[in-house]
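# Inside the fold
The primary structure of each chain is shown beneath.
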Amino acid sequence: MAEQENMTLVVFSGDLDKALAAFNLANTGASMGMKVDMFFTFWGLSVIEKGSLARGVKSPMQWMMGMMNRGGASRRKLSKMNMMGAGTHTMKGLMKRYRMPSLEESIALAREQGVKFLACTTSMAIMGLEESDFIDEVDDFVGAATYLGLATEGKVNLFI
Amino acid sequence: MAEQENMTLVVFSGDLDKALAAFNLANTGASMGMKVDMFFTFWGLSVIEKGSLARGVKSPMQWMMGMMNRGGASRRKLSKMNMMGAGTHTMKGLMKRYRMPSLEESIALAREQGVKFLACTTSMAIMGLEESDFIDEVDDFVGAATYLGLATEGKVNLFI
Amino acid sequence: MAEQENMTLVVFSGDLDKALAAFNLANTGASMGMKVDMFFTFWGLSVIEKGSLARGVKSPMQWMMGMMNRGGASRRKLSKMNMMGAGTHTMKGLMKRYRMPSLEESIALAREQGVKFLACTTSMAIMGLEESDFIDEVDDFVGAATYLGLATEGKVNLFI
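## Structural notes on the overall build of chain A
Broken down by element type, chain A carries six helices and five strands. Across chain A, helices and strands are ordered from the amino to the carboxyl terminus as β-α-β-α-α-α-β-α-β-α-β. Buried residues in chain A amount to 58% of all 160 residues. Sequence separation of at least 24 residues holds for 72% of the intrachain contacts in chain A that already meet a minimum separation of 6. Surface accessibility of chain A: about 6,700 Å² in total, with carbon and sulfur atoms responsible for 54%.

## Some thoughts on the interface of chain A and chain B
Contacts between the two partners involve 30 residues from chain A and, on the opposite side, 28 residues from chain B. A buried area of about 2,700 Å², summed over both sides, lies between chain A and chain B, and 78% of it is on carbon and sulfur atoms. Where chain A meets chain B, there are zero salt bridges. Where chain A packs against chain B, one counts two residue pairs in polar contact (both at pLDDT 80 or more). The greatest single-element share of the side of chain A that touches chain B, amounting to seven residues, is contributed by helix α1 (residues 16–31) of chain A. Tallied by class, the residues present in the side of chain A that touches chain B amount to 17 nonpolar, seven polar and six charged.

## Looking at the relation of the copies chain A and chain B
Copy one and copy two of the chain differ by a rotation about an axis and a translation along that axis. Mapping chain A onto chain B leaves a residual RMSD of 0.0 Å; the transformation is a rotation of 120 degrees accompanied by 0.0 Å of translation along its axis. Here the copies are linked by what is in effect a three-fold axis. The residues that chain A uses at the interface reappear at the interface of chain B in only 13% of cases, marking distinct surfaces.

## A look at the environment of C120 of chain C
Residues and elements named next belong to chain C. For C120, the location among the structural elements is in strand β3 (residues 116–120). Assessed through its relative accessible area of 2%, C120 is described here as buried. Taking the C-alpha atoms as reference, C120 lies 5.4 Å from G143; in sequence the two are 23 residues apart. Not counting chain neighbours up to four residues away, the residues in contact with C120 comprise F39, F40, T41, L45 and V142.

## Quick notes on the interface of chain C and chain B
When the parts of a complex come together, some accessible area is lost, and that lost area is often used as the size of the interface. Counting residues at the interface gives 28 residues for chain C and 30 residues for chain B. Where chain C abuts chain B, roughly 2,700 Å² becomes buried across the two surfaces, and 78% of that area is made up of carbon and sulfur atoms. Looking at the side of chain C facing chain B, the largest losses of area belong to I126, L148 and F159 of chain C, adding up to 24% of the total buried there. Between chain C and chain B we count zero salt bridges in total.

## Focus on the relation of the copies chain C and chain B
For the pair chain C and chain B, the superposition axis carries a translation of 0.0 Å, the fit reaches an RMSD of 0.0 Å, and the rotation angle comes to 120 degrees. When you check the interface residues of chain C against chain B, a mere 14% turn up at the interface there too, and the two sides of the contact use different surfaces.

## Things to note about the sheet that holds β3 of chain C
Sheets are built from strands paired through backbone hydrogen bonds, the pairs being either parallel or antiparallel. Residues and elements named next belong to chain C. One open sheet holds the five strands; their spatial order is β4-β3-β2-β1-β5, and the pairing between them is parallel. Either end of the sheet is taken by a strand with one partner, and the two such strands are β4 (140–142) and β5 (156–159). Each strand of the sheet is rotated relative to its neighbour by a mean of 20 degrees, with strand direction disregarded. In this structure, strand β1 (residues 6–11) lies alongside strand β2 (residues 35–40), joined through six bridges in parallel fashion. Across the sheet, residue M7 finds its bridge partner in β2, namely V36.

## Some words on the packing of α1 of chain A against helix α6 (residues 144–151) of chain B
Where α1 of chain A meets α6 of chain B, the closest approach of the two axes is 9 Å, and the angle between their N-to-C directions is 75 degrees. Overall, the two elements α1 of chain A and α6 of chain B adopt an arrangement that is roughly perpendicular. Note on element contacts: α6 of chain B touches α1 of chain A through A144, A145, Y147 and L148 of chain B, opposite N24, L25, T28 and G29 of chain A. Its residues assigned to classes, the contact of α1 of chain A with α6 of chain B shows five nonpolar, three polar and no charged.

## Remarks on the pattern of salt bridges
Between side chains of opposite charge, pairing is possible as soon as their charged atoms come close. Following the criterion strictly, the structure yields nine salt bridges over all chains and no others. E5 of chain B is the partner of K155 of chain B in a salt bridge, and the nearest nitrogen-oxygen pair spans 3.4 Å. Here K155 of chain B, found in the loop between α6 and β5 (156–159), pairs with E5 of chain B, found in the segment before β1 (6–11); they are 150 residues apart in sequence, far enough to count as distant. Exposure remark for K155 of chain B: the relative accessible area of 42% places this residue in the partly exposed category. Residue classification places E5 of chain B among the partly exposed positions, given a relative accessible area of 24%. Here D139 of chain C and R111 of chain C are joined by a salt bridge, their closest N and O atoms 2.6 Å apart. Linking D139 of chain C in the loop between α5 (121–127) and β4 with R111 of chain C in helix α4 (residues 103–112), this pair joins segments that are 28 residues apart in sequence. On the basis of relative accessibility, which here comes to 26%, the residue R111 of chain C falls in the partly exposed class.

The rules behind these values
- Residues numbered from 1 in each chain as written.
- Chains lettered and ligands numbered in written order.
- Predicted model: local features only at pLDDT ≥ 70, side-chain atom pairs only at ≥ 80, totals over all residues.
- Heavy atoms only, no water.
- Helix = DSSP H or I, 4+ residues; strand = E, 2+ residues; numbered from the N terminus.
- Buried < 20%, exposed > 50% of the residue type's maximum accessible area, 1.4 Å probe, protein only.
- Contact = heavy atoms within 4.5 Å.
- Areas by Shrake-Rupley, 256 points an atom, 1.4 Å probe, with all protein chains shown as cover.
- Buried area = accessible area lost by both parts, 1.4 Å probe.
- Salt bridge = Lys/Arg side-chain N within 4 Å of Asp/Glu carboxyl O.
- Polar contact = N/O pair within 3.5 Å; in protein donor to acceptor, adjacent residues only side chain to side chain.
- Nonpolar A, V, L, I, M, F, W, Y, C, P; charged D, E, K, R; others polar.
- Least-squares fit on C-alpha atoms with pLDDT ≥ 70 in both.
- Pairing = 2+ DSSP bridges.
- Axes fitted to C-alpha atoms, helices over the stretch in contact; angles between N-to-C directions.
- Parallel < 35°, antiparallel > 145°, perpendicular 65-115°, else oblique.

Printed below as a string of structure tokens:
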């Protein structure tokens, strides 16, 4: 019997295009029978944030960071050619036209397929985020050691 | 007999500096006897586009995306310090002075060395690109499943 | 006896956030007993530059590049939300408040733990940098072939 292959994806970026690439790889891998773990860190945390304004903020500095970088999958923007939202809007329109899943749909599909979502506790502390600020689908809140333990078992490990 | 090592590179970025890094790794690996597959996706597709304006565009939205992000290796810009082209021009001048291959020369060298070029069909659909929009050197037009099949055989897999 | 796991990190980016992520992974891996090699290339070279203005510059073009992209760990900025320095300043304040090591402290910790620092000679040539422009902690000045030799031994290889 063939051994199951593992994949880990560090999602460092909170950009729409990179998040879409990460979930496309995760969902394709899962559909091929791979075990997939996604480790969301730094700006990537915003992809799995609820996006509520009333998040667990502890200081004025964190409040400012949160306002400038509002979380939530639906608010992600392109890394390039955002053009005040026009480029992002265009990209979303094209994806719809070609019947490609949106980021929100890709997240739901990943969950159905058993992809694991891990949030980086170190980044959470810096950004003033608490567990309740994240979507319910997050499996665990862990540090880099847990990620590296998974990555050493992975055949494919990417930093996105 | 030593087994041949495999490397896969996801070229997500269309920036000159990242494309140069990708081809430097690909060409070095190939010269060391590694089997190298490059998977061009999203903005990275622009690196292997012909760059013609008369590309296979199907909608006004795709036409706009194409105009804003004109393809072709010779049109790639630095990710930072482009400075309206001055930074990119300076970098190209320094590479020439130090007899380093340009991006176009690196692409040709990669082909001579047997590096495989794969274009991501999912990204092509979103961006309205057809097979005829790419340089002849592209080996195949494939999805993420083909890439992941190669990556699970790879000793070195990077997302650039 | 368990075999030692190896990790290699290509540090392509000179952004503060990505450098912090790279050193967090390197230091966590080293504390878990992994052998860690960091290969600094392109903008990433700035992380291990001394940051002196009197660096080994050979041409006006290189002088301009150096002025625009002043090296040194203490001068790294966020990839997003730098906001003329306010975002970077805020991030540094939050890290201090949560007793997280600064980039400079992370570099020192990595050295204590035996993490190897390798500088890419190809990028150095383009940017007009000489060995004396780098901090003393750099172990070696090597090309992509040396990096790839290490990466083929690595369980975890990331491009940051």
